[in-house]
Amino acid sequence: MTIKKNLILIFKKKFNLKMSDQKISKLSNSSFKKWDSLEHINLLMMIEKKFKIKFKFHDITELNSFNKIEKFLNK
């Protein structure tokens, strides 16, 4: 499974989303009310667990959209 597909599944699970994958891939914390600061940390923890990575502090504040997270994971 691709990084994008895994990430979409994480977003669907975390936020209980029923929207299309295309809409999910356009989400950001500024455009989606459920994505507040606490949920941001929880989301990143789920991503860390799934991809077996550890985010640095400065990454946490920068990774505020699906697109930015996906680009980070594809490095």
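For the structure, see preceding data.
As a convention, each chain's residues are numbered from 1 in the sequence order in which they are written. In keeping with the predicted nature of the model, local features appear solely for residues at pLDDT of at least 70, side-chain atom pairs appear and are counted solely at 80 or more, and the whole-chain, interface and lining totals rest on all residues. Each side-chain value is derived from all of the structure's non-hydrogen atoms; neither hydrogens nor water enter the calculation.

Colleague: Just checking my understanding: could you explain the environment of Lys68 for this structure?
Modeller: Examined against the element boundaries, Lys68 turns out to sit in helix 5 (residues 66-73). Relative accessibility decides the category of a residue: with a 1.4 Å probe and only protein chains considered, values under 20% of the type maximum give buried, values over 50% give exposed, and everything between is partly exposed. Lys68 sits in the partly exposed class, given a relative accessible area of 40%. Between the C-alpha atoms of Lys68 and Ser28, which are 40 residues apart in sequence, the distance is 9.0 Å. The contact definition used throughout considers only heavy atoms, calling two residues in contact when any of these lie within 4.5 Å. The contacts of Lys68, once residues within four sequence positions are left out, are Glu62 and Leu63. A run of H or I in DSSP becomes a helix once it reaches four residues, and a run of E becomes a strand once it reaches two; helices and strands are each numbered from the N terminus.

Colleague: Is there a simple way to explain the nonpolar core in this structure?
Modeller: Where a protein is soluble and globular, its nonpolar side chains tend to be buried together. Here the nonpolar core consists of buried residues drawn from Ala, Val, Leu, Ile, Met, Phe, Trp, Tyr and Cys, with membership extended through side-chain atoms lying within 4.5 Å. By size, the foremost hydrophobic cluster in this structure holds 19 residues, and its most contacted members are Phe11, Trp35, Leu43, Ile47 and Ile69. Among the secondary structure elements, those contributing two or more residues to this core are helix 1 (3-15), helix 3 (37-51) and helix 5. Ranked by residue count, the leading element in this core is helix 1, at five residues.

Shape is all these values report; function is a separate question.
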